[in-house]
Amino acid sequence: MPSHDTTGNQTRPGQRVTELDTPQLLIDLDAVDRNVRFLLAEGRRRDVHVRVHFKSLKCTGLARYIAAAGPNGFVCAKLNEAEALADAGITDILLANQLVGPHKLRRAAQLARRSDLTVCVDDIDNARALSAAAAAEGTPIGVLVEVDIGMARCGVAVGPAAVDLARAVVALPGLRFRGLQGYDGHLQMIADYESRKAQSLAGAEALVATRRLIEQAGVSVEVVTGGGTGTWEFVASVPGVTEIQPGSFVVMDAAYHRVRPEFARALSILTTVVSRRPGRYVLDAGSKAISRDFGTPELKDRPGDRVDRLNEEHTIVEVAGDGPSIGDNVEVWPTHCCATMNLHRTCVGARAGKVEVVWPIECSGRYD
Ligand SMILES: Cc1ncc(COP(=O)(O)O)c(C=O)c1O
């Protein structure tokens with residue numbers, strides 16, 4: 001079926017991507033296949049579940065495509081993402097975040113009616129409010145106690161504070177205590193492998209030590225989850241961790257590729273050269289289409305050319321020799337895949353340079 005982009009242009013399966021209007025977000029499905037197959041096999045080898053973070057995708061078509069490979073459910077950062085997954089028939093969902101306020105709690109309880117939902121808490125009053133919402137809706141909600149293992153974002157301290165909160169959650173009606181989350185987000189991009197490894201292992205071991213304290217208090221712990229694309233192998237190697245929750249590994253980006261070259265860069269923005277002069281050329285996409293929050297992007301097939309800067313609708317590239325001609329296509333690798341997915345409304349899944357599918361990115365630009 002042809003799909004219309006926002007300008008009314010038609011994109012058809014089988015069409016060459018070079019025939020598409022630009023800018024166009026592209027996903028190389030062969031690269032996605034390799035990334036997902038690799039990590040799911042590594043998870044099985046280590047007897048650790050791989051739960052894929054949907055905040056990197058925001059597109060239920062891509063999530064369903066990945067779901068066919070058999071991950072252990074999905075993680076979301078926001079309720080709208082979890083609702084979109086449930087609408088798409090994906091119901092094993094961890095909302096790895098705190099939900100605060102009556103609107104969110106009601107939505108969570110309603111979502112739990114049609115999904116196997118687990119959410120994070122790091123505060124007893126918030127846990128009580130979640131319990132009341134679950135009881136009012138008559139639907140149990142799974143709960144992980146979030147533990148701060150060094151990121152200094154959400155989470156209670158490792159050790160006794162987490163034990164106290166876990167015991168309190170166990171006593172609340174409507175909630176099902178399932179275990180612990182500890183995410184080492186501060187370590188993901190550390191360039192030095194050994195330093196990243198040592199710090200990530202220390203964080204995961206502190207998380208598992210907290211698990212043992214909770215078990216000693218007579219509470220069973222079914223889930224211990226954490227880790228991202230930068231730390232997956234370290235977190236997955238610690239006995240007592242049951243699950244990793246990376247997201248960027250699916251489509252990847254130029255920044256993560258520097259620390260995780262085992263994953264291929266599947267995400268690019270197809271652009272057109274719209275201007276040139278000696279030493280430089282200009283692309284028809286800028287910061288409104290290509291996130292630069294982890295640095296300037298790279299060019300897929302032109303490694304010698306250097307991105308000088310991004311304006312809102314232009315990327316300015318410095319080139320040593322002959323650059324491309326006006327009208328030529330250049331593919332751009334963004335440095336932050338999650339934020340780039342969030343800028344687009346559709347993406348084209350392509351294989352060997354041909355369109356296979358066009359998916360809406362339902363959750364882009366949504367923060368609720
Ligand atoms: C709670 C949580 N888990 C896991 C991740 C890992 O995501 P990624 O693999 O894209 O770094 C993130 C990233 O923001 C996160 O916030």
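This write-up is about the structure you can find in this document. (Residues numbered from 1 in each chain as written. Predicted model: local features only at pLDDT ≥ 70, side-chain atom pairs only at ≥ 80, totals over all residues. Heavy atoms only, no water.)

Turning our eyes to something else, we now look at the site of the ligand. Residues in close proximity to the ligand total 15 residues, the closest being Thr229, Gln245, Gly247, Ser248 and Tyr256. Within the backbone of Gly247, a nitrogen or oxygen atom sits 2.8 Å from an oxygen atom of the ligand. One of the side-chain N or O atoms of Tyr256 is found 2.5 Å from an oxygen atom in the ligand. Contact with the protein chains removes 89% of the 390 Å² of surface that the ligand exposes when unbound. In terms of residue class, the shell around the ligand is made up of four nonpolar, nine polar and two charged. (Near = heavy atom within 4 Å. Polar contact = N/O pair within 3.5 Å; in protein donor to acceptor, adjacent residues only side chain to side chain. Areas by Shrake-Rupley, 256 points an atom, 1.4 Å probe, with all protein chains shown as cover. Nonpolar A, V, L, I, M, F, W, Y, C, P; charged D, E, K, R; others polar.)

This part covers the pairing of strand β8 (residues 116-121). With respect to burial, β8 is a largely interior element, five of its six residues being buried. Bridge count between strand β7 (residues 92-95) and β8: four bridges; the pairing is parallel. Within β8, the position partnered with Leu94 by the bridge is Thr118. Once the chain exits β7 it traverses helix α4 (residues 102-113) before rejoining the sheet at β8, and the crossover so formed is right-handed. In terms of strand pairing, β8 meets strand β9 (residues 141-148) through four bridges, oriented parallel. (Buried < 20%, exposed > 50% of the residue type's maximum accessible area, 1.4 Å probe, protein only. Helix = DSSP H or I, 4+ residues; strand = E, 2+ residues; numbered from the N terminus. Pairing = 2+ DSSP bridges. Right-handed = clockwise from strand over helix to strand, strands pointing away.)

Turning to the environment of Arg114, a few remarks are in order. Following the sequence through the fold, Arg114 ends up in the loop between α4 and β8. The class of Arg114 is partly exposed, set by a relative accessible area of 41%. Counting along the chain gives 25 residues from Arg114 to Thr139, while the straight-line C-alpha distance between them is 9.4 Å. If near-sequence neighbours (up to four positions away) are discounted, Arg114 is found in contact with Glu83, Ala86, Asp87 and Thr91. (Contact = heavy atoms within 4.5 Å.)

A separate point is the packing of aromatic side chains. For the coordinates displayed, the defined rule picks out six aromatic pairs. Where Phe38 meets Trp232, the ring centres are 6.1 Å apart and the plane angle is 85°; that geometry is what we call edge-to-face. Linking Phe38 in helix α1 (residues 29-46) with Trp232 in helix α8 (residues 232-236), this pair joins segments that are 194 residues apart in sequence. Since its relative accessible area comes to 31%, Phe38 is described here as partly exposed. Relative to Phe234, the ring of Tyr193 lies with its centre 5.3 Å away and its plane at 75°, an arrangement referred to as edge-to-face. With a gap of 41 residues between them, Tyr193 in helix α7 (residues 193-216) and Phe234 in helix α8 connect regions that are remote in the sequence. On the basis of relative accessibility, which here comes to 33%, the residue Tyr193 falls in the partly exposed class. An aromatic cluster of three or more residues is present, and its members are Phe38, Trp232, Phe249 and Phe263. Over the ring of Trp333 we find Arg265; its NZ or CZ atom is 3.7 Å from the centre of that ring. (Phe/Tyr/Trp six-rings, centres within 6.5 Å; stacked < 30°, edge-to-face > 60°. Lys NZ or Arg CZ within 6 Å of the ring centre and 35° of its normal.)

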